[in-house]
Protein chains: 2
Amino acid sequence: MAQVLSQLPKTNDKRVIVGPSTSDDAGVYELSSEVALVQTVDFFTPVVDDPYLFGKIAAVNSLSDVWAMGAEPITALSIAAFPIKTVGAELCTEILRGGAQILAEHGVALLGGHTVEDEQLKFGYAVTGIVHPKKVITNAGAKVGDALVLTKRLGTGIISSALKRKKASQEAIEAATASMLQPNKAVAKIMQQLQVNAATDITGFGLLGHAFQMAKASKVTLKIYSEKLLALPQVFELLADGIKTKADRTNSEYLGDAVEFAAKVDVLTRSLMLDPQTSGGMLVSLAKDKLEKFLTELHTAGVEATECGEVLPLEDKLLKVEYGKI
Amino acid sequence: MAQVLSQLPKTNDKRVIVGPSTSDDAGVYELSSEVALVQTVDFFTPVVDDPYLFGKIAAVNSLSDVWAMGAEPITALSIAAFPIKTVGAELCTEILRGGAQILAEHGVALLGGHTVEDEQLKFGYAVTGIVHPKKVITNAGAKVGDALVLTKRLGTGIISSALKRKKASQEAIEAATASMLQPNKAVAKIMQQLQVNAATDITGFGLLGHAFQMAKASKVTLKIYSEKLLALPQVFELLADGIKTKADRTNSEYLGDAVEFAAKVDVLTRSLMLDPQTSGGMLVSLAKDKLEKFLTELHTAGVEATECGEVLPLEDKLLKVEYGKI
């Protein structure tokens, strides 16, 4: 689909601060010198069995794209494809109720939505946020010498996939669900306070896909240390058992030859880095002298975070995955 | 689905000027004392065979909900479910290209979008517009004594349905396509100039469904004269041949016993009034002393429009369909 989209005419509208061309988390439109709109849309098939929790996760996931730009979400529209005859109205209501609960918790007004009957259940939101035009945090601002920080553990895609095949452990399901339910709001707030250089949330393209987009948009090379990455419970076992998502292949194709892996980085870790996340963590690029304060504040806010790499001048490869720790 | 949505908790956010409870064309959120956001989302299966034209119609249809509130659309996000393996990437690109063309023509910035692979092709947009908070035109302002005006002819649902069964004439297809491609922008501009009392665009719930929503929101009864309604070519023949859309039944169920039909209103005309429209016309309620000027200006702008009814004090039935002309 990236190929399809790239064939569309580019906009030269000056009010568009961030458009589709940099594959950022959301588009940004300058409404006035004081206010920019930050807009995003996402919807997907269930990642957990409980419809109420799925609705909550869909909402957190969509809000996350707005937080990733350093903005505050204000409104949402629901997007629902429901096989209402198969699953029943009650289940659909539970999904909507879960989503509405999260929106209400974060002061986001649900303005409407569109629902179609469909064979395959899909749900999500189009969300709008606001931010001062000068305070937008994009994926295009990573600077040479920056440290890279990743929040949350990786592996929600693999666990969701295992869940559908009834191979996920209770511990893995609970940990993945808790991770997907955790809003990135606190991270966004700290990012703004410390004025980080770039950020993106990790979703469908996996860590490497979104790191690739950041590297490309920022015109730098990102170095990532494989042994610094944290995985959710059971993820490596599931990978060793051959559980894969379709995105393991498509994300790899998306990256093409943009990544150089150190020989010692094993195939399981490579798959982890390609794993599509739902409501994933944030990859943040910031000046090294702010790193300690950033990590401390994140930990104080209860956010698991790890320094996972650094920003290099642009090389032949946009991404370099090193074995070992920093 | 209306039943599902009605079970959601109601918002009491003061910034929400129009929320989901009045079934209006779009939600409205007061961003400041000067600017309100008008937001809507819609997507649907193809209504014409040509992918480029389908993309255009999807865009016009989505913008129409913003125009129906008297607002100016500024940004859009695409929503695409594409069976890319079945139909090919070129066809998908054509849809996106058609939509992008319409957005560009109306100065609307495409900020992003979400695409999923799906068996059944669906496409549309989430659109945001702006309007002064005091100038929002809702479906809740119809006043007793108002005249009702309907723009465009009815019958796009029946013709699309016939097209899928290869029963639509070339003339009908061309007329329906031209109608769906016609933006309601000029209508919106004239509505603002003349300060009409209420408006809604006619889409999935058909003329009667949207008239019902207006009557309910405005706490009035709407009287519609069946013989004033204009149909696209071949529509009555197709109806007489038994061509129906699923919405003929579901829209009838949605209305329940809210409509009183004069005995002489035949079943074909009843079906016409229930026909779900894509990118349909506008139903406008305005003071009778403005009617002549409104119709003249619409006709000057090349918009087909007809006085089709009037607003009565709230009676037992929210809608009364009379046989004959005014």
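What counts, and where the lines are drawn
- Residues numbered from 1 in each chain as written.
- Chains lettered and ligands numbered in written order.
- Predicted model: local features only at pLDDT ≥ 70, side-chain atom pairs only at ≥ 80, totals over all residues.
- Heavy atoms only, no water.
- Helix = DSSP H or I, 4+ residues; strand = E, 2+ residues; numbered from the N terminus.
- Rg over C-alpha atoms; globule rule 2.2 N^0.38 Å.
- Buried < 20%, exposed > 50% of the residue type's maximum accessible area, 1.4 Å probe, protein only.
- Contact = heavy atoms within 4.5 Å.
- Lys, Arg positive; Asp, Glu negative; His and termini not counted.
- Charge placed at Lys NZ, Arg CZ, Asp CG, Glu CD.
- Least-squares fit on C-alpha atoms with pLDDT ≥ 70 in both.
- Patch = residues over 30% accessible without salt bridge, like charges linked within 9 Å, V, L, I, M, F, W, Y side chains within 5 Å.
- Areas by Shrake-Rupley, 256 points an atom, 1.4 Å probe, with all protein chains shown as cover.
- Salt bridge = Lys/Arg side-chain N within 4 Å of Asp/Glu carboxyl O.
- Buried area = accessible area lost by both parts, 1.4 Å probe.
- Polar contact = N/O pair within 3.5 Å; in protein donor to acceptor, adjacent residues only side chain to side chain.
- Nonpolar A, V, L, I, M, F, W, Y, C, P; charged D, E, K, R; others polar.
- Domains from an automatic or database assignment.

On a plain count of helices and strands, chain A comes out with 12 helices and 13 strands. Taken against the 2.2 N^0.38 rule, which gives 20 Å for 326 residues, the C-alpha radius of gyration of chain A at 19 Å falls within 12% of a compact globule. The principal-axis extent of the C-alpha atoms belonging to chain A is close to 55 × 55 × 45 Å. The burial tally for chain A puts 60% of its 326 residues in the buried class. Put simply, of all contacts in chain A between residues at least 6 apart along the chain, 85% involve residues at least 24 apart. When the 33 positive and 38 negative side-chain charges of chain A are each reduced to one mean point, those points stand 3 Å apart.

Look at the two chain copies: a rotation about an axis and a shift along it is all it takes to match them. Each copy superposes on the other: chain A lies on chain B with an RMSD of 0.0 Å after a rotation of 180 degrees and an axial shift of 0.0 Å. When the rotation and shift are considered jointly, the pair of chain copies conforms to a two-fold rotation axis. Considering only C-alpha atoms, the part of chain A nearest the rotation axis is A126(A), at 3.5 Å. Same-surface contact between copies: 98% of interface residues of chain A are shared with the interface of chain B.

With that settled, the discussion passes to a negative patch on the surface. A surface patch of negative charge is lined by E171(A), E174(A), E237(A) and D241(A). For E171(A), the position within the fold is in helix α6 (residues 170-181).

Right, let's talk about the interface of chain A and chain B for a bit. In this complex, chain A contributes 55 residues to the contact, which on the side of chain B involves 54 residues. For the chain A and chain B pair, buried surface summed over both sides reaches about 4,200 Å², with 73% attributable to carbon and sulfur atoms. Our count for the contact surface shared by chain A and chain B stands at 2 salt bridges. Of the charged contacts, one joins K122(A) and D118(B) as a salt bridge, the two residues approaching to 3.0 Å between their closest N and O atoms. Seen at the junction of chain A and chain B, the total is 10 residue pairs in polar contact (both at pLDDT 80 or more). It is strand β5 (residues 109-117) of chain A that provides the largest number of residues to the side of chain A that touches chain B, a total of 9 residues. Along the lines of polarity and charge, the residues of the side of chain A that touches chain B split into 31 nonpolar, 15 polar and 9 charged.

Next up on the list: the domain arrangement of chain A. Residue and element names in this part refer to chain A. The domain boundaries assigned to chain A delineate domain 1 (2-135) and domain 2 (147-322). In this structure, domain 1 and domain 2 have C-alpha centres spaced 21 Å apart. Each partner contributes to the interface: domain 1 provides 24 residues, whereas domain 2 provides 24 residues. In this assembly, domain 1 packs against domain 2 so that about 1,900 Å² is buried in total across both faces, 58% of it on carbon and sulfur atoms. On the domain 1 side of the interface with domain 2, the three residues burying the most area are V47, I57 and W67, jointly 25% of the side's total. Summed over the shared surface of domain 1 and domain 2, the number is 0 salt bridges. At the junction of domain 1 with domain 2, the criterion picks out 10 residue pairs in polar contact (both at pLDDT 80 or more).

This next bit is on unusual backbone geometry. Residue and element names in this part refer to chain A. Positive phi values are uncommon outside glycine, yet Q195 reaches one of about 50 degrees. Position of Q195 among the secondary structure elements: in the loop between α7 (185-194) and β8 (198-201). Residue classification places Q195 among the exposed residues on the basis of a relative accessible area of 58%. Positioned with a positive phi, S279 is a non-glycine residue whose angle comes to about 50 degrees. Here S279 shows up in the loop between α11 (267-274) and β11 (282-286). Residue class for S279 comes out buried when judged on its relative accessible area of 1%.

On to helix α5 (residues 156-164) of chain A. All names here are of chain A. For α5, the tally of buried residues reaches 8 of 9 residues, placing the bulk of the element in the interior. Here α5 has its buried residues at T156, G157, I158, I159, S160, S161, A162 and L163. Packed against the buried residues of α5 are α6 and α9 (235-240). In the stretch just after α5, K166 is the one whose phi turns positive, near 55 degrees.

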